[in-house]
Amino acid sequence: MSQIVPALNIQALRKSFDRPAVDGLSLTIPTGEFDALLGPNGAGKTTTLRMVAGLLAPDSGDISICGVDVLADPIAAKQILAWVPDEPMVYDKLTPLEYLEFVAGLWGMDATRAFERAQELMGWLGLAAHANERCEGFSKGMRQKVALAGALIHEPKLIILDEPLTGLDAGSARQVKTVLRRLVSEGVTVIMTTHILEVAERMADRLGVIANGQLVAEGTLDELRDKAGQDGSSLEDVFLQLVADDADANKELAA
Amino acid sequence: MSSTAGVMGPHISPGSLAWFARHEMTLAWRRWLSIMAGGRRKKDRAVAIGLFAFVAGLHAIAYFFLEPVLAAGLTADTTTLVAVTGTLLLSFSMMLSQTLESVTRAFYTRDDLDLILSSPAASERVFAVRVSSIALSVAAMTALLAAPVINVAAYIDGPHWLWSYGVVLAMAMLSTAVAVMMTLGLFRVFGAKRTRLIAQILAAVVGATFLIGIQVVAILSLGKISRFAVFSSDMVVSRAPDLDSWLWFPAHAAFGNPWAAITFLLLSTMALAAVVAVSATRFGEQVLAAAGISRGQKVQAAIRNGFRQVSRRHAMRVKEWALLARDPWLVSQTLMQILYLIPPALILYMNYGANTDMHAILAPILVMAIGQLAGGLAWLAISGEDAPDLVLSAPISKGAATTAKIEAILIVMAALVAPFLIALAFVTVWGALITGLGVATAATSAIAIQLWFRSQSRRSNFRRRQTASRTATFAEAFSSISWAAATGLAAAGSGFAVVLGIFGLIVMTVTWWLAPRGDI
C-alpha cells in the first residue's frame, strides 16, 4: 500500500537569531488542504515559512515539500513551491505581463503555456485591463495581486502566503480568496499566515497556532475548541486561550 | 518642565520660518551624520577624526601649490581674471547641477510633505526654508572643497581672502534661484509627469556641459584637452573685456575684494529672495501635481501576444536590461558619462587614420568613465533587487542568478565601449588592446567591489548607495583612478604603468580584506 505524501512535512525545525525564533517545530500538512497558521506577533510563523521557501537556512531540522527534501534538493523543492510575502515585491518599471514573463522564465516554463496561464490569472484577479501598464502607479492591492499572479503562474503544488489579505479592499480580498479556494479544489495545497481570524475561520480547512516558536495546537476549528476547552466559542476566544495557556506553561517551566 | 523649551531645543513659535528652519537643520545634520557614519552612531568620532585629517591634508597640498604663486605676488591681469572667471563659471555649472537635482527632489520626494501640507502651517514657509537650506548645503559642500585654497591664501597673503567664502555663498544662492526658476519652467512646459526625468537629465547635462564645452574648444582650437589652455590662450585673452569692466567683479570678489564680495552677496540674496517670493505660492500646487503623478501615472507598454522562450539565466538578464533601460537615475548618469566621453571621441575623430599617441589621452578617460558607470550598474543589478524573495524562492541557484546579473552588466558595458575600441583599433591596434584591457579591469574591479559589499536594498535607493559603505565608495574611486592612470601610462609606453597597476591590485586586495565576510 503506497503512503500518501504530505504537501509539507516539517520535523524538529529550529532557528535562532538573538533568541530562538523557531524552537523544535514539527508540522505536517496533507495535500489539497487550505491551512492557516495563526500566532501572536513574533511567534515564528514567518520565520518558519521563510525556511520552507528556502529564504532562510534552518539551524537544524527537516523540511520536505511533496516528498522533496528542501535542504538536500532546494531547486527541485522550489520548482513546486510558490511564496508570496506580506509586502508585495514587484518591479515598478515592469508591467504585470512582463513581470509574469520574467517569473515564468525563472521557473523554466514553456512560453506558450505561460502566456495562456498569465492571461487566465490576470482575468481571475481583475488585472487584465492593466496588463500593459507599469506597476509603479499601482495601489498596494494591485501590487499584491500581481505578486500573487506571479506566484501562481508556474502552477505550484504548494502555495505559501504571508498575510495575503493585508491592505486589500473588500473586492480584491474576495478575488484573492476565490482564486485560492479554486486552487485548493484543484488539489493545490495552500498555507497562509493571517492576523484576521475571521478569514482563517471561514477559509481554512485546518488551523495551526504557533507561539514562542512552537506549534501549540493544530487541527480543525472544532478540534481546537476541544483542546482549549471552549465548546461553541469563536476562533478569537479559542486562539487567545491557546496562546495564554502556552504563555502560562512557559512561565511555569521558567519558574 | 520649562515652558520655553521643547524636546528639540529652545521654544520657537511653531509654524514660523525659524521653526521650520530648525526642523530642516536638525534633519539635515542627522542625515549628514548618517551618511558619513554609514548609519552607525559609534562611528561619529572616527568620522570627525577622518574628516579633520582629510581637510588638513588638503590644506597641506594647497600650501604646496599656492605658496610660490602668492609669494611671487598675484596680479589681477586679464589672463588671471579670465582663468578665475572661467573657474567660477565651471563651479557655478556644477552647483547648478546639484541645486537643480535638490530642488526637483523637494517637489517630488514625499517624506514629510504629506504631513506638512495637511497641517495648517503655510506651505510657502516650508518652500522658503527648503530652498534656503538647498542653497546653504550646496554652499557648505563647495566651501569644504574651496576651504584649503581660501584658508591657505588668507594665511599667506592676508585675511581679505576670507571674503572668497562670500563668493561661494553668493554662487550657491544664485544657482539655487536659477534652479528654482528652471524647475518651475519645466513644470509649466512639460507638466509634472515629465519634469522629474527631464530635470534629472538636465542636472546631469548642466554639470558636464561647461567643462566638456571648454574641452571641446580646447581640442578644436588648440589641439589640447586642458581647459586652462583655453583660459590662457590669446584667442580668449585678446577678446576679454577691459580690466575695469564690471564683468570681472565676481573674480575680484574671489580675490578677496570686500566691496565686490558684498555686492555679489547682496545681488544673489536679492535674486534668491525674489525667486522665492514669486514662486512660493505655487509650491504647494506643484507638490500636489507631483504627488498625483507618482500615484497615478500609467506608462503603457506594447501589447504582447506571447512570451519568449528563454533560459532561467536569460530571463534574469532580460529583466535586468529592462529595468536598467527604464531607470531615470541611470539614464541621467549614463548620459553624463557619455558626455564626458565626447572630448576623447573628438580627439579620436580628429586623429582618425593618423598614427599618433592620442590614445594615451583617450584610454584613461574611457577607463575612468566605464569604471564609474560599472560601479553604478553593478550596484543596481547586485544590491538593488526589488523582489529578492522572488529571486531567492525561484528554482535557480543564487550563484546562477548573480552570474546572470553580472553578465547583463558586462554586456551593457561591452555595447557602450565597443564603438570606441573599434574606432581606436583603426588608429592603433595596440592602443585599442591596452584600452580594452584597462576598461575590462576597471569594470571587473567595480563589479567585484559591489559583490563584496553587497547589501540588499531597493533600486530607488540608488542615490544613497554610497551610504551603505564608505569603504566601497572610496575603493571604487581609488580602483578606477588607479586603472585609468595605469592604462594611460601603458598606452603612452611608460613603465611606470606597472607601479600603478600594482597599486590598483593593492587597492583591490585591501578592499577584499576589508569586505564583510559571510554570505555573498
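Located above this text is the structure these notes cover.
Residues numbered from 1 in each chain as written. Chains lettered and ligands numbered in written order. Predicted model: local features only at pLDDT ≥ 70, side-chain atom pairs only at ≥ 80, totals over all residues. Heavy atoms only, no water.

Chemist: Is there a simple way to explain the pairing of strand β3 (residues 34-38) of chain A in this structure?
Modeler: Walk down a regular strand and you will see the side chains alternate between the two sheet faces. Residues and elements named next belong to chain A. For β3, the tally of buried residues reaches 5 of 5 residues, placing the bulk of the element in the interior. Burial along β3 is two-sided: the face carrying F34, A36 and L38 and the face carrying D35 and L37 are both buried. The sheet contact formed by β3 and strand β8 (residues 189-193) spans 4 bridges and is parallel. When the sheet's bridge partners are listed, A36 is paired in β8 with M192. Across 4 bridges, the pairing between β3 and strand β9 (residues 206-211) is parallel. Pairing of A36 across the sheet is with L207, part of β9. (Buried < 20%, exposed > 50% of the residue type's maximum accessible area, 1.4 Å probe, protein only. Helix = DSSP H or I, 4+ residues; strand = E, 2+ residues; numbered from the N terminus. Pairing = 2+ DSSP bridges.)

Chemist: Just checking my understanding: could you explain the sheet that holds β8 of chain A for this structure?
Modeler: Sheet strands line up and pair through hydrogen bonds in the backbone, either parallel or antiparallel. Residue and element names in this part refer to chain A. If you walk across this open sheet you meet the 6 strands as β6-β7-β8-β3-β9-β10, and the pairing is mixed. What marks the edges here is a single partner per strand, and that holds for β6 (81-84) and β10 (214-219). Pairwise comparison of adjacent strand axes, ignoring direction, gives a mean angle of 15° for this sheet. The strands touched by helix α6 (residues 170-185) within the sheet are β3, β7 (158-162) and β8, with β3 carrying the most contacts at an inclination of about 125°. (Axes fitted to C-alpha atoms, helices over the stretch in contact; angles between N-to-C directions. Contact = heavy atoms within 4.5 Å.)

Chemist: Even after reading the chapter, I still don't get the side chain of T104 of chain B, so can you show me in this structure?
Modeler: Residues and elements named next belong to chain B. Residue position: T104 is located in helix α3 (residues 78-108). At 2.6 Å, the side chain of T104 and the backbone oxygen of L100 are in polar contact. Apart from the residues within four sequence positions on either side, T104 is in contact with T183, R196 and A199. (Polar contact = N/O pair within 3.5 Å; in protein donor to acceptor, adjacent residues only side chain to side chain.)

Chemist: What is the right way to look at the interface of chain B and chain A in this model?
Modeler: A common way to state how big an interface is: give the accessible area lost once the parts meet. Each partner contributes to the interface: chain B provides 39 residues, whereas chain A provides 40 residues. Of the roughly 3,600 Å² buried where chain B meets chain A, counting both sides, 59% is carbon and sulfur surface. As a salt-bridge pair, R50 of chain A and D389 of chain B come within 2.9 Å of each other at their nearest N and O atoms. For the interface between chain B and chain A, the tally reads 13 residue pairs in polar contact (both at pLDDT 80 or more). Per-element accounting of the side of chain B that touches chain A gives the leading share, 6 residues, to helix α12 (residues 312-325) of chain B. Residue composition of the side of chain B that touches chain A, grouped by class: 19 nonpolar, 9 polar and 11 charged. (Buried area = accessible area lost by both parts, 1.4 Å probe. Salt bridge = Lys/Arg side-chain N within 4 Å of Asp/Glu carboxyl O. Nonpolar A, V, L, I, M, F, W, Y, C, P; charged D, E, K, R; others polar.)

Chemist: Just to check I follow, could you spell out the pattern of salt bridges for this structure?
Modeler: A side chain with one charge may pair with a side chain of the opposite charge, provided their charged atoms come close. One pass over the structure, following the stated rule, counts 21 salt bridges over all chains. For R308 of chain B, the salt bridge identified is with E101 of chain A, shortest N-O distance 3.5 Å. Placement of the pair is R308 of chain B in the loop between α11 (283-296) and α12 and E101 of chain A in helix α3 (residues 96-106), with the two residues belonging to separate chains. Taking the shortest distance from any N to any O, the salt bridge between K319 of chain B and E385 of chain B comes out at 2.9 Å. Of the two residues, K319 of chain B is situated in helix α12 and E385 of chain B in the loop between α15 (359-383) and α16 (388-392); the sequence distance between them amounts to 66 residues. Residue K319 of chain B shares its accessibility class with E385 of chain B, and that shared class is buried. Each of K319, E320, E385 and K405 of chain B takes part in a single network of salt bridges with overlapping partners.

Chemist: When you look at the nonpolar core in this model, what are you seeing that I'm missing?
Modeler: One broad rule of soluble globular proteins: the nonpolar side chains tend to lie buried together. Counting 81 residues, the largest nonpolar core has Y91, I153 and L207 of chain A together with F307 of chain B as its most contacted members. Leave out the neighbours within four places in its chain, and I153 of chain A touches L100, V103, A104, M109, A114, R117, A118 and L121 of chain A together with F307 of chain B. Grouped together as the second largest cluster of nonpolar side chains are 48 residues, F20, L96, L100 and V138 of chain B included. (Core = buried A, V, L, I, M, F, W, Y, C linked by side-chain atoms within 4.5 Å.)

Chemist: I would appreciate a short explanation of the pairing of strand β4 (residues 60-65) of chain A in the present structure.
Modeler: Residues and elements named next belong to chain A. When strand β1 (residues 8-16) meets β4, the two strands line up antiparallel, connected through 5 bridges. Each residue of the ladder has a partner; that of I10, found in β4, is I63. Of the pairings in the sheet, the one linking β4 to strand β5 (residues 68-69) comprises 2 bridges and is antiparallel in character. Pairing of I65 across the sheet is with V68, part of β5. If you look at the hairpin formed by β4 and β5, you'll find 2 residues sitting between the two strands, and C66 has a positive phi there, around 50°.

Chemist: Sorry if this is basic, but what is going on with unusual backbone geometry here?
Modeler: It is generally the case that most residues other than glycine have a negative phi and that most peptide bonds are trans. All names here are of chain A. Phi is positive for A12, which is not a glycine, with a value near 45°. Mapped onto the elements of the fold, A12 is located in strand β1. In this structure A12 comes out as partly exposed when scored by relative accessible area, which is 38%. Unusually for a residue other than glycine, C66 sits at a positive phi of about 50°. Mapped onto the elements of the fold, C66 is located in the loop between β4 and β5.

Chemist: Is there a simple way to think about the sheet that holds β4 of chain A in this case?
Modeler: Residue and element names in this part refer to chain A. Ordered in space as β2-β1-β4-β5, the 4 strands form an open sheet in which the pairing is antiparallel. The sheet is open, and its two borders are formed by β2 (20-29) and β5, each paired with just one other strand. Sheet topology note: the β1/β2 ladder contains 7 bridges and is antiparallel. For I10, the partnering residue across the bridge sits in β2 and is L27. Here helix α1 (residues 45-52) sits on the sheet and contacts β1, β2 and β4; the angle it forms with β1, its principal contact strand, is near 115°.

Chemist: What am I meant to see in α12 of chain B here?
Modeler: Across its 14 residues, α12 of chain B extends 20 Å between first and last C-alpha, which sits within 8% of the 20 Å expected from 1.5 Å per residue. Buried within α12 of chain B we find A315, M316, R317, K319, E320, A322, L323 and L324 of chain B. Tucked into the core, α12 of chain B has its buried residues touching α3 of chain A together with α13 (328-340), α15, α16 and α17 (398-427) of chain B. (Expected span 1.5 Å × (residues − 1).)

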